[in-house]
Amino acid sequence: MFVLHIALQGCLKGQDVEYGITSDTGGHIRYLLDLVHAHCEASPHDRIVIATRAFTGHGPLYEQPHERVSDQIEIIRLETQSGDYLTKEELHTQVESFADALCTHIEANGRPDIIHAHYAIAASAAAIIKDRLGIPFVFTGHSLGLVKQSVMGSTVTVSEGFQERIAGEEIALKEASLVVASSRDEAELQYAGYRNYDPGSIRVIPPGSDLAAFKDATVNETVETELARFLTDPQKPVILAIARPVRRKNLSALVEAFGKSKALQAQANLVLVAGTRTVIDDLDGDMAGSMHELLALIDQYDLYGKIAYPKSHTPADIPAYYAYARDRGGLFANPALNEPFGLTLLEASAAGLPIVATDSGGPNDIVETCGNGLLVDPNDPSAIAEAALRILSDSTIYQQFAEGGERAVAHYDWKGHVQRYRGLLRDLIEPAVTRPADTSGTGQLLISDIDNTLVGSVPHLHAFGAWRRLQPHLAFGVATGRSFHSAMAVLEQEDVPRPEVMITSVGSEIYHLDENGVTYSLDRDWLAQITEDWDREPVRRVVESVTGITPQAALEQRAFKLSYFSDGSATVVKRVQAALERVGLMASVIHSHRRYLDILPYKASKGTAVEFVRQRYGLSMDSVFVAGDSGNDIEMLRAVPQSIIVANYSDGLAHLPDLKHSYLSRESHARGIMEGVDYFRRKASASCHPVS
């Protein structure tokens, strides 16, 4: 496989990247270099080329047309209309000349199998190359213009290149074969504001990280000496932040939170590792202004002796900063207005630090997965201070969050990332369509729940995968309470055969596998069918007036699904239904695991969604199998005669009168599904060929 990456922003080189040397030399370069190295380690015969611009002003290396990084990786620097270093806001002026130069290079040096574009400006160039040479591309946005425009508000002007940036992101969503997102927040909320948003063409693949260096981090003399210059009592716990001093990183809110809280100052020091600088006014972009703002706040709150802001550091110093904070019982803070992913949160967590992080972006996924800290509104300094004080003041909470580092190391690794990433690229380059061309006649359809039904036992799932490959006339789908992106992440992490149909968000959304065998299309006919009599906002107000109900996170709310935690009482469904009926509203109310309460349009459920798919595929009722384990599967199991309850069921499914027709498997999880399908097939065969 030959992959060509396009990355035009910042000062990119193969080794010893000078992070923070410009406002655009940041985490996306770290991600790219880590990705290509991990890719080559997993696939030693693949070839990687990174294409960027040649420019003057930051040293002779950035003018060199070629840099050999390893036997498999090389960087090419192409001349464009301007030879000067340009910020990302100015780079749109170079798209045409860069695309011309790259096309010429490709024609002279060989055609890549696929292009991976990083940031909007690279997507604009990749779209031109796709049009001219027919080479497909995938896209990683890293951070999005619409999101930045939203969080920065009036401080963002049209002159800063935002129209071109957002236009490039729209091009990417329209033209890319696949969009790679770092988090569900990015895939489901941040991209949703774009005109060309298509959820089925986006995959959430969290960046990996080599966290071993942070897990075993130790303090070095350089860091100890540097911070001792600033701090009156250097042995106090440390609130540590590591970020470039740009407005979006919102370090000023952290300083303000610390400055306004005498309790926090009494308990901890604040350490800001804010890039590398020589003369503040020589800093690139808005970094100079941000640094002046930080210094003004330090002076305003008279924080001298309580705060450190070292001028420079090397990449090798970063683990030592984490260790310094950990050894003093401190925590890590990321108050960014929006954080697309949050790599530093994983590094800090791996080092054993609890975290306080923005509730905007990737930290939602990280905290949910790792249980390693608290999320806060980045615009509320008092909330930042309260969260930090809560962690520092409660040893039980502190230890609980510190232990989340083990989960971070286990979950966010490059090996898993590259396995999924390379598999998707391979399938895009050489499509192996699994969708049945004809599901009528002898065709059959199996729809299974995911959690605790399909997945839950690795050996059973491996057996299911082998069994599935021997079922040429069986279409496979899933029905889940998870969102599309959450479901896809689980399926791909568990190496589940790719479904032909995905019924997600408790039946309120249906997706069909595209002909390329990788992306999915949202079934808008289904949405049109269930929107009748659905008035989301009045339904929400009524449901939230019922006692014993707490809304789940914003990420779990959908246009056609409201999700809550319940008090677990047996009457909760009746109470919600009664409240809705009193005001003349209709909705489907689904309670599962005595904890999760989902409110859907009246016509939406897993059962009605399965019936819709059955009719779409033109299948008879006796050609459909469904499998489940819990309360949110009841509608689906009730509606289909050939329903399977796996042995590890919950919510009393096997004892419900409406489910007497179901087959109760002796086996659990995926083996229970296979057992049930075999049972119904043998039963059908016996009825067709009775023993005389």
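No experiment lies behind these values; they were computed from the predicted model shown.

J.: Any chance you could explain the overall build of the protein chain here in plain terms?
T.: Tallying secondary structure elements over the protein chain gives 26 helices and 26 strands in all. Expected size for 692 residues packed as a compact globule is a radius of gyration near 26 Å; at 27 Å, the protein chain falls within 12% of this value. Judged by the C-alpha coordinates and their principal axes, the protein chain covers about 95 × 65 × 45 Å. Across the 692 residues of the protein chain, 60% fall into the buried class. A separation threshold of at least 6 residues defines the contact pool for the protein chain, and within that pool the share at least 24 residues apart is 67%. Summed over all atoms, the accessible surface of the protein chain reaches about 27,500 Å², with 50% contributed by carbon and sulfur. Seen as two clouds, the 63 positive and the 89 negative side-chain charges of the protein chain have centres 5 Å apart.

J.: Looking at this model, I keep getting lost on the pattern of salt bridges. Mind explaining?
T.: Enumeration according to the criterion identifies 44 salt bridges in this entry. The salt bridge partner of K603 is E532, with a shortest N-O separation of 3.0 Å. A residue pair is termed long-range when its members are at least 10 positions apart, and K603 in the loop between β23 (596-600) and α24 (606-617) and E532 in the loop between α21 (524-530) and α22 (536-543) qualify at 71 residues. Relative accessible area serves as the criterion here: at 33%, K603 is assigned to the partly exposed category. Exposure remark for E532: the relative accessible area of 47% places this residue in the partly exposed category.

J.: What's the story with the packing of aromatic side chains in this structure? I'm lost.
T.: Think of a pair of aromatic rings as described by two things: how far the centres are apart, and how the planes are tilted against each other in angle. All told, the structure shown has 16 aromatic pairs when counted by the stated rule. Between the aromatic rings of Y663 and Y679, the centroid separation amounts to 4.3 Å while the plane-to-plane angle is 20 degrees, which identifies the pairing as stacked. Of this pair, Y663 sits in strand β26 (residues 663-664) while Y679 is found in helix α26 (residues 669-688), placing the two residues 16 residues apart along the sequence. According to the relative accessible area criterion, Y663 is buried, its value standing at 13%. Through successive ring pairs, a cluster of aromatic residues spans F55, Y62 and Y85.

J.: Which parts of the structure should I look at to understand the side chain of S261?
T.: With respect to the element layout, S261 can be found in the loop between α9 (251-260) and α10 (262-267). If we ignore the near neighbours within four places in the chain, the residues touching S261 are A385 and L389.

J.: Honestly, the sheet that holds strand β13 (residues 355-358) in this entry has me stumped. Any pointers?
T.: Note: strands within a sheet are paired through backbone hydrogen bonds, in either parallel or antiparallel orientation. In spatial order, the strands read β11-β10-β9-β12-β13-β14; together these six strands make up an open sheet with parallel pairing. At either end of the open sheet lies a strand with only one pairing partner, and these are β11 (307-308) and β14 (373-376). One ladder, built from two bridges, connects strand β9 (residues 238-242) with strand β12 (residues 331-334); its direction is parallel. In the sheet register, L240 faces β12, and the bridge partner there is F332. Against the sheet, helix α12 (residues 318-327) contacts β9, β10 (269-273) and β12, and its axis sits at roughly 160 degrees relative to β9. Each of β13 and β14 touches helix α14 (residues 363-370); the most contacted strand, β14, lies at about 150 degrees to it.

J.: It is not clear to me how the packing of α9 against helix α11 (residues 287-300) should be interpreted in this structure. Could you clarify?
T.: The contact between α9 and α11 brings their axes to 10 Å, and the two run at 5 degrees. Taken as axis vectors, α9 and α11 run roughly parallel relative to one another. Here L251, S252 and V255 of α9 lie close against α11, whose contacting residues are E293, L294, L297 and I298. Split by residue class, the contact of α9 with α11 holds five nonpolar, one polar and one charged.

J.: What am I meant to see in the sheet that holds strand β16 (residues 474-479) here?
T.: Strand order in the open sheet formed by eight strands is β19-β18-β17-β16-β15-β24-β25-β26, with mixed pairing between adjacent strands. Either end of the sheet is taken by a strand with one partner, and the two such strands are β19 (520-522) and β26. Sheet analysis places strand β25 (residues 643-645) next to β26, joined by two bridges and oriented parallel. Residue pairing across strands places I645 opposite L664, the latter belonging to β26. Sheet strands in contact with helix α19 (residues 458-468) are β15 (444-448) and β16, and its direction is about 145 degrees off that of β16. Contacting β16, β17 (501-504), β18 (509-513) and β19, helix α20 (residues 484-493) runs over the sheet at an angle of about 125 degrees to β17.

J.: Honestly, helix α17 (residues 404-411) in this entry has me stumped. Any pointers?
T.: Given 3.6 residues per turn, any residue in an α-helix points the same way as the ones three and four places further on. Among the residues of α17, those classed as buried are G404, G405 and A408. The buried residues of α17 all sit within an arc of 105 degrees when viewed along its axis, so they share a single face. Among the structural elements, α13 (343-350), α14 and α16 (395-402) are those in contact with the buried residues of α17.

J.: Can you help me understand the packing of α22 against helix α23 (residues 572-582) in this one?
T.: Packed helix pairs are specified by the crossing angle of their axes together with the interaxial distance, meaning the distance between the axes. It is at 9 Å that the axes of α22 and α23 come closest, and there the two elements cross at 125 degrees. By the angle between their directions, the pair α22 and α23 is classed as oblique. Crossing angle aside, the handedness with which α22 passes α23 is right-handed. From α22, V539, V542 and V543 reach across to α23, where they touch V576, A579 and L580. Tallied by class, residues from the contact of α22 with α23 come to six nonpolar, no polar and no charged.

J.: I would appreciate a short explanation of unusual backbone geometry in the present structure.
T.: With the exception of glycine, most residues fall at negative phi, and the peptide bonds are largely trans. The phi angle at D302 is positive, at roughly 50 degrees, despite the residue not being glycine. With a phi close to 60 degrees, V506 is a non-glycine residue in the positive phi region. By the element assignment, V506 lies in the loop between β17 and β18. Residue classification places V506 among the buried residues on the basis of a relative accessible area of 1%.

J.: Teacher, can you tell me more about the nonpolar core here?
T.: The nonpolar side chains of soluble globular proteins are, as a tendency, buried together. Counting 80 residues, the largest nonpolar core has L454, V576 and I599 as its most contacted members. In this structure L454 touches S448, D449, L461, F464, F476, V478, L491, V496, A670 and I673, once residues within four positions along its chain are discounted. Counting 76 residues, the second-largest nonpolar core is a separate cluster that includes L254, A257, A325 and I384.

J.: Looking at this structure, how should I read the environment of D284?
T.: Mapped onto the elements, D284 comes out in the loop between β10 and α11. For D284, a relative accessible area of 18% gives the class buried. Taking C-alpha positions, D284 is 32 Å from S261, a pair spaced 23 residues apart along the chain. Excluding anything up to four places from it in sequence, D284 contacts I21, T22, S23, Y85 and T87.

J.: Is there a simple way to think about helix α18 (residues 414-429) in this case?
T.: Under the 1.5 Å per step criterion, the end-to-end length of α18 is 22 Å for 16 residues, consistent within 8% with the ideal 22 Å. Of the residues making up α18, those classed as buried are W414, H417, V418, R420, Y421, G423, L424, L425, D427 and L428.

J.: Please explain the confidence of the model for the protein chain as it appears in this structure.
T.: When pLDDT is low, close inspection of the predicted coordinates is not appropriate. In this model, the protein chain carries an average pLDDT of 91, and 96% of its residues clear a pLDDT of 70 or more. Scored below 50 in pLDDT, residues 435-442 makes 14 contacts in the model with residues more than four places away or belonging to other chains.

J.: Before we go on, may I ask you to explain the pairing of strand β2 (residues 47-53) in this structure?
T.: Side chains on a regular strand alternate between the two faces of the sheet. Counting buried positions along β2 yields six of seven residues, so the element is predominantly enclosed. Note: β2 against strand β4 (residues 73-78), six bridges, orientation parallel. The partner of A51 across the bridge, within β4, is I76.

About the thresholds
- Residues numbered from 1 in each chain as written.
- Predicted model: local features only at pLDDT ≥ 70, side-chain atom pairs only at ≥ 80, totals over all residues.
- Heavy atoms only, no water.
- Helix = DSSP H or I, 4+ residues; strand = E, 2+ residues; numbered from the N terminus.
- Rg over C-alpha atoms; globule rule 2.2 N^0.38 Å.
- Buried < 20%, exposed > 50% of the residue type's maximum accessible area, 1.4 Å probe, protein only.
- Contact = heavy atoms within 4.5 Å.
- Areas by Shrake-Rupley, 256 points an atom, 1.4 Å probe, with all protein chains shown as cover.
- Lys, Arg positive; Asp, Glu negative; His and termini not counted.
- Charge placed at Lys NZ, Arg CZ, Asp CG, Glu CD.
- Salt bridge = Lys/Arg side-chain N within 4 Å of Asp/Glu carboxyl O.
- Phe/Tyr/Trp six-rings, centres within 6.5 Å; stacked < 30°, edge-to-face > 60°.
- Pairing = 2+ DSSP bridges.
- Axes fitted to C-alpha atoms, helices over the stretch in contact; angles between N-to-C directions.
- Parallel < 35°, antiparallel > 145°, perpendicular 65-115°, else oblique.
- Nonpolar A, V, L, I, M, F, W, Y, C, P; charged D, E, K, R; others polar.
- Arc of directions from axis to C-beta.
- Left-handed = near helix turned anticlockwise from the far one by under 90°.
- Core = buried A, V, L, I, M, F, W, Y, C linked by side-chain atoms within 4.5 Å.
- Expected span 1.5 Å × (residues − 1).
- pLDDT = per-residue confidence, 0-100.

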